[in-house]
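An overview of the molecular structure
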Amino acid sequence: MIRRRLFGIGLLVATGLALGFLLLPLVAIFLRVPPGDLVAQLGSDVAVDAIVVTLKTTLIAQALILVVGTPAAYFIASRSFRGRPFVITLVELPLVLPPAVAGIALLAAFGRLGLLGGTFDALGVSVSFTQTAVVLAVAYVASPFYIRLAIASFEALDSSLIDASRTLGAGPARTFLRIALPLAAKGLAAGAALSFARGIGEFGATIMFAGSLQGVTQTVSLAIYAQLDLDFDVALALGALLVLVSAAILLLVKLIPAWTRSTSTSASPFARFGSS
Amino acid sequence: MDSLDLDISLALRSFRLELALTVGRETYALVGPSGAGKTSVLRTVAGLVRPERGRIALDGRVLFDSTAGIDRQPEDRRVGFVFQEYALFPHMSVEQNVAYAGGTNVPEVLERFRIAHLAKARPGELSGGERQRVGLARALARKPDVLLLDEPLSALDTHTRANVRAELRSILDHLDLPVLLVTHDFQDAAALADRVAVLVEGRILQVGTAAALIAAPSDVFVASFTGANLLSGRALPGPDGLTQVTLADGNVVYSVDEMRGPVDVAFYPWEVSIARETPDDSALNHVRAPITSAVQIGNRVRIQVGALVAEVTTASVERLELEEGELVVATFKAAATRLVPRA
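Residues numbered from 1 in each chain as written. Chains lettered and ligands numbered in written order. Predicted model: local features only at pLDDT ≥ 70, side-chain atom pairs only at ≥ 80, totals over all residues.

The helix and strand inventory of chain A stands at 12 helices and 0 strands. N-terminal to C-terminal, the α/β element order of chain A is α-α-α-α-α-α-α-α-α-α-α-α. Going through the 276 residues of chain A one by one, you find that 39% of them count as buried. Once local pairs closer than 6 in sequence are excluded, the contacts in chain A between residues at least 24 apart make up 78%. (Helix = DSSP H or I, 4+ residues; strand = E, 2+ residues; numbered from the N terminus. Buried ≥ 20, exposed ≤ 12 C-beta atoms within 10 Å, placed from the backbone. Contact = placed C-beta atoms within 7 Å.)

Next comes the structure, spelled out in structure tokens:
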């Protein structure tokens, strides 16, 4: 009896410790400085520049990820070809790659002295340490989050719906746009939200490949680091902003599956988030 | 001259699908156990699976020809396909599903299939029978040259099944199209189709009207598939020009079919009656065995007597006060007893 009660108390203490440890730093951000001051600090030049750079680069990167990643994911999900597991592993590799490695790899590929640097030079384009570099770095580290979920969503589609569309006179492109895309939408939205969150928080690859120039390549994450020694309150304010954005995105991802009720007419599930 | 002509060869997982068939303006059913390759036949016609060799033509229009290198895309074949679970687009209303096919007069099609009142409903809100009508309406909205039905009744529960079957029959009767349907249920095939082909492991064993298959199954599998009782034994010429068959359990039965050697005796459950005493009639076969089970189906009772099944009226079971385990005599006419040669 006592032993059972002890075990229950033990579980409770462990849960309390874990939650406390995870939440305390986040709460500390908001407690150290009054909320009014936090908002005021977000109006400083450094903060505004960082927010603008972050929004601009992340949105462009996100657009690129969606436009290129969606058809690529559909192709990978709907074809069986030799080396498919290898291709999927390649897509997932940046997920586990240390960001610093991603940064040096991007420099090696697109930097002035890199693989394609000569080509870019000839065209009069310099990539590294520009806003383009930020976009590339964000796209590089964030795209696997989207593509992976997009592949899983397309794979989960009931293939008889695709077949039905074809026999009803729709070609592959129309079938993709009118059947596959809307039915996979929930999974695609969840993937987009996750990759957006990852993109906003990007730090390591960006600082190596794009540097940290205020108003040009200094994103919010980089500004927090830069302001650490200069103005701790600005760093805190930017940190608080990212906490709120991250929490909002996470909540969004959790809510997406509940957005529309299931109207499946077939046994097999489709577009169920996380069904990889 | 509307007809579907097909002659194909395609390797499936454990056997080769190899068959030729011609479907005129009729309903042609492919029946067989699951995994016999039935659905693959439909998919080759629709262009969703490519045969390795062969030719598929619709009204003389070549859809596929391996030697000529012709393989039309599914969207160019003018084929109506009703999928097993109907494959209605769940994110579209009934109306949008039907309109997807690009037919000209959607309201008229909805009216014809009695689904006009469901126009705005999503497939998820429909009953099984309604889904099937939407599936049919959608497949026919484009005025295809052939209609393919994959297990049209298997997604339905037993209550709605009989109604939907009758309804489907009347729809098919009014179509002036070749209809190729596949099912694992011989009763469904018999109820819906003008001709039935029994497909086993990729090959057609027998083609004919359902009545012809029941009357003269060419093969033991066909006989068992049509629902006949099968008892194996050895045939010899018997008295009165009948063939005498000694069954494995020692019982002796007679048939009007002439045959010698190892045979299977085939007769239908509805030809069998049950009695307590052995009747004194040489034209009747009788097998004495205990009742092992009795299941009521509507106004009939399916009684398992030893190795055979009898279907009798509920009234006669009540009159005889039959109980499980009781020793009874199952009788059936020598004239209703078919002999099928055994390899």
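Frequently, the measure chosen for interface size is the accessible area removed from exposure when the parts meet. With 23 residues of chain B in contact, the opposing surface of chain A contributes 18 residues. Listed by contribution, the elements that provide at least two residues to the side of chain B that touches chain A are β7 (79–82) and α4 (128–141) of chain B. Along the lines of polarity and charge, the residues of the side of chain B that touches chain A split into 14 nonpolar, 3 polar and 6 charged. (Nonpolar A, V, L, I, M, F, W, Y, C, P; charged D, E, K, R; others polar.)

A few words now on helix α7 (residues 131–155) of chain A. All names here are of chain A. Taking 1.5 Å of rise per residue, 25 residues should cover 36 Å, and α7 covers 35 Å from first to last C-alpha, within 8% of that figure. Along α7, the largest kink reaches about 40 degrees and is centred on Ala 142; proline Pro 144 follows within four residues of it. Counting buried positions over the 25 residues of α7 gives 22, a clear majority of the element. (Expected span 1.5 Å × (residues − 1). Bend = angle between axes of the 7 residues up to and from the residue.)

The subject of this paragraph is the pairing of strand β12 (residues 229–237) of chain B. Residues and elements named next belong to chain B. Bridge analysis of β12 against strand β15 (residues 261–267) gives 7 bridges, and the strand direction is antiparallel. Note that in β15 the partner of Ser 232 across the bridge is Asp 264. As defined by bridge partners, β12 adjoins strand β13 (residues 243–247) across 5 bridges and the pair is classed as antiparallel. Note that in β13 the partner of Arg 234 across the bridge is Thr 246. Counting the residues between successive antiparallel strands, the hairpin from β12 to β13 contains 5 residues, one of them, Asp 240, with a positive phi of roughly 55 degrees. (Pairing = 2+ DSSP bridges.)

Before going further, it helps to examine the nonpolar core. Membership of the largest hydrophobic core comes to 168 residues, with the highest contact counts inside it found for Ala137(A), Leu238(A), Val45(B), Ala137(B), Leu148(B) and Leu180(B). Counting residues per element, this core draws most heavily on α7(A), at 18 residues. Domain assignment of the residues forming this core places at least three in each of domain 1 (4–78 + 145–222) and domain 2 (228–341) of chain B. (Core = buried A, V, L, I, M, F, W, Y, C linked by C-beta atoms within 7 Å. Domains from an automatic or database assignment.)

Glancing now at the environment of Gln131(A). Residues and elements named next belong to chain A. Within the secondary structure, Gln 131 is located in helix α7. Expressed as a C-alpha distance, the spacing of Gln 131 and Thr 219, which sit 88 residues apart in the sequence, is 9.9 Å. Apart from residues lying up to four places away in sequence, Gln 131 is in contact with Thr 57, Val 216 and Thr 217.

The subject of this paragraph is the domain arrangement of chain B. Domain annotation for chain B reports domain 1 (4–78 + 145–222) and domain 2 (228–341). One C-alpha centre belongs to domain 1 of chain B, the other to domain 2 of chain B; they are set 34 Å apart.

Moving on to the sheet that holds strand β19 (residues 308–313) of chain B. All names here are of chain B. Sheet architecture is open: 5 strands sit in the order β16-β20-β17-β18-β19, paired in antiparallel fashion. Both outer strands of the open sheet, β16 (273–275) and β19, are each paired with one neighbouring strand and no more. Geometrically, the sheet is characterised by an average inter-axis angle of 50 degrees between neighbouring strands, direction not taken into account. In this sheet, strand β20 (residues 327–333) lies alongside strand β17 (residues 284–297) in antiparallel orientation, the contact comprising 7 bridges. When the bridges of β20 are listed, Leu 284 appears paired with Lys 333. (Axes fitted to C-alpha atoms, helices over the stretch in contact; angles between N-to-C directions.)

Here the focus is the sheet that holds strand β6 (residues 70–71) of chain B. Residues and elements named next belong to chain B. Here 5 strands make up an open sheet; going across it, the order is β2-β1-β4-β5-β6 and the pairing antiparallel. The two strands at the open ends of the sheet, each matched to only one other strand, are β2 (16–23) and β6. Relative to the sheet, helix α1 (residues 38–46) contacts β1 (4–11), β2 and β4 (53–58), its axis offset from that of β1 by approximately 115 degrees.

Turning next to the packing of helix α5 (residues 99–110) of chain A against α7(A). Residue and element names in this part refer to chain A. Where α5 meets α7, the closest approach of the two axes is 10 Å, and the angle between their N-to-C directions is 130 degrees. Classified by the interaxial angle, the pair formed by α5 and α7 is oblique. Relative to α7, α5 is oriented so that their crossing is right-handed. Contacts between α5 and α7 involve Pro 99, Ala 102, Gly 103, Leu 106 and Phe 110 from the former and Leu 136, Ala 137, Tyr 140 and Val 141 from the latter. (Parallel < 35°, antiparallel > 145°, perpendicular 65-115°, else oblique. Left-handed = near helix turned anticlockwise from the far one by under 90°.)

Residue and element names in this part refer to chain A. Where helix α4 (residues 84–96) contacts α7, the axes come no closer than 7 Å and their chain directions differ by 135 degrees. Taken together, the axes of α4 and α7 lie oblique to each other. Between α4 and α7 lies a crossing of left-handed hand. Mapping the contact onto sequence places Ile 88, Val 91, Glu 92, Pro 94 and Leu 95 in α4 and Tyr 140, Val 141, Pro 144, Ile 147, Arg 148 and Ile 151 in α7. In the contact of α4 with α7, the residues fall into 9 nonpolar, no polar and 2 charged.

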